[in-house]
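Residues per chain, in single letters:
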Amino acid sequence: MSLTGILLDVSGSMESNIGSGTDEEGGPWARSIFKVIDDLIEHDVSCENQVFAFGVGGNGSQEIFDVIGSVKKIENTKIPSYTKNVPATEDHIEKVLEILERNGAYSIRRWANVNVIQRAVSDFVIALILMKLECDQQFLIRFVYEFLPQACREIVPNIPIVGFFGNMLLNAVAYFRPATIEDIRQVVRSAKCYFLRGVGTHSVFSVQDASHIVRGCVDEKELSTERSRELLETVEPFIYGRTPLYEALDEATQLFQGNTAENKLLFVLSDGMPTDGSNKDTQKIRSAVSKLRNSGVKVVSCFITRSTDIQPKRLYDKMSSNWEPGAKFLYSLSSELPTELLPCAILVRRGWTIDTANNETKLFVQVNHPDNLREACDMARNVVFSQDALADLLVSVDLDIYINQTKGSFKAKEQVGGTCYANACAAVLHLAMKRILGREDGYPDFHALKDEMIRMYGSDGAYTIRVLQTLCPKYRLHCQKASVKQAMEAIVKKRPVVATFCLTKEEWEAFRHFYATNPTSVLTADEINVRQRREGAVLTGHAVVLTSYNSKCLTLMNSWGSSWGDMGFFRVKKCRGASARVR
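All residue numbers refer to positions counted from 1 along the written sequence of the respective chain. Where local features are concerned, this predicted model is filtered to residues with pLDDT of at least 70; where side-chain atom pairs are given and counted, the filter is 80 or more; whole-chain, interface and lining totals use all residues. The side-chain quantities take in all heavy atoms of the structure and omit both hydrogens and water.

Caption draft 1: Spotlight on unusual backbone geometry. Residues other than glycine seldom take positive phi values, yet R476 does so here, at roughly 55°. Runs of E in the DSSP output that reach at least two residues are strands. Runs of H or I that reach at least four are helices, and both are numbered from the N terminus. The residue R476 is located in the loop between α21 (464-471) and β15 (479-482) in this model. Here the phi dihedral of M567 falls at roughly 60°; this positive angle occurs in a residue that is not glycine. In this structure, M567 sits in the loop between β19 (554-557) and β20 (569-572).

See the structure below:
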């Protein structure tokens, strides 16, 4: 079970610093905050896993708000018909003024001019306020008696005055000044707390429910560009305020403290400029870090900047004196992990640079374009939720000796027999012996191990458990069959695992086509459903190496070349069949 927390800086400083930037579809940076949520929970397979997302920078009294809950709340509201991205219409303004006049704001029209209201409020916001005034008596009372100035509630009769200029009428305008654009905006800011959902235990959603809310449809497989645009239009009237980041960290810590999840991740996306304290206040920073660490939370910080002098795909082991103050602040917040606990093999092969001089690495990245955010989210998931058995082994050997063992392009019909069993078994034996430091007999060559197996069992296939049971004692190793759950336990203990699976001819063709067209994607039952396999179908097997797993999938290493799949690796949502564990 996992709990993922996300702090999304949507403050005015973020708008000023990077608001003019564009995402990959040409939209504003702010639209990417929803892609961050979607990327962090994408393909999560467990119904037990949970997520919460805080927006930090609400422009009303609700400066910290529940992003997922607020989207759900607003979209479930029956808003009157409105026009997108235009000033408030006279029709909506007139209806609002009528309601306020009837309920105590007798002088509202003398204070608020229609033209000023149009310049201050969008039609979407005025439609929301109209809906709330019509159906929520408490909101109506607060609007009239708290949000509006007192002068709007006074009944000012027309008073005849006799003086130097003769008889004249003195009306309410003489008693108070007309509203400015900022006055109207201040009233709207006061009202906005009713539309955003505050943070608390109710902010924690299952990943499936969160995905449905963010994507807008139960069956939607990814967050579409159109949907992300709709989400931004929904929340944008309520953001670009102050940045109470320390308070948000404290609120997030309280949710983590009350949760029993085994894996806890806090992903912080910000420019590192809090308004409720200095980003150089070492005491406050240490206090926040200590509380999160004691709650078992790993913090991944993502610094947003316009600078081009950064490396977006780099994990650092020390702070640079040349960094901006915001970067230094977020670096200090991020968790520090021993290098051997990082899934280095996968990250390095994806182009990441990992500083390892101090044998500890900070979970801190710098991003100057929304395109880099997906990589940052993938890194966060892999680091916190991945159990990579071979993290410290795969970076110390040449992976090509394991992966590039094919003599031609893969075809399903060619997978009858073969030597995949020898490739997989030799790989785990080789890795198992390399993990034993100071081994007296040294480390046998991978190719020698593979050739020995082929001499013993031939080139037409063999049972991996039988091969391992024969060879392991020779090298003072042990092996045993394991269920998928036991294999995952072996991964945690850094024990290499051989995984075997069998498919029909049609399933092999589907397997080949899927990874040819979706090399980095996760294979699911939507592509190959073995439960629908016809009875008596002829099966052919294959052996690979299980290298890691997370809440999203199992990651396996194949032997068909680095040009196949994701540089020789592939991912499956579920694993079926037997596996053998080397220890």
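Caption draft 2: Region of the structure containing the nonpolar core. Only buried residues count toward a nonpolar core. Its members are Ala, Val, Leu, Ile, Met, Phe, Trp, Tyr and Cys residues joined through side-chain atoms within 4.5 Å. Relative accessibility under 20% of the residue-type maximum defines a buried residue, over 50% an exposed one, and the middle range a partly exposed one, all with a 1.4 Å probe and only protein chains included. Judged by nonpolar contacts, the single largest core of 88 residues is most densely connected at L100, F143 and F267. Ranked by residue count, the leading element in this core is helix α7 (residues 123-135), at 8 residues. Not counting chain neighbours up to four residues away, the residues in contact with L100 comprise A105, I108, L133, L140, F143, V144 and L148. Formed by 32 residues, the second largest nonpolar core is a distinct cluster that contains F52, L249, A327 and L333. Should any heavy atoms of two residues lie within 4.5 Å, those residues are considered in contact.

Caption draft 3: The environment of F501, seen in detail. Mapping F501 onto the fold places it in strand β16 (residues 497-503). Separated by 41 residues in sequence, F501 and H542 have C-alpha atoms that sit 5.7 Å apart.

Caption draft 4: Quick look at the packing of aromatic side chains. Two aromatic rings from Phe, Tyr or Trp, using only the six-membered ring of Trp, form a pair when their centres are within 6.5 Å; if the ring planes differ by under 30 degrees the pair is stacked, by over 60 it is edge-to-face, and anything between is tilted. Across all of its chains, the model carries 27 aromatic pairs by this definition. When the centroid spacing of 4.9 Å and the interplanar angle of 85° are considered together, the rings of F514 and Y515 count as edge-to-face. In this structure, F514 and Y515 share a single accessibility class: buried. Residues W560 and W564 carry aromatic rings whose centres are separated by 5.2 Å and whose planes lie at 90° to one another, so their mutual orientation is edge-to-face. Residue classification places W560 among the buried residues on the basis of a relative accessible area of 10%. Since its relative accessible area comes to 12%, W564 is described here as buried.

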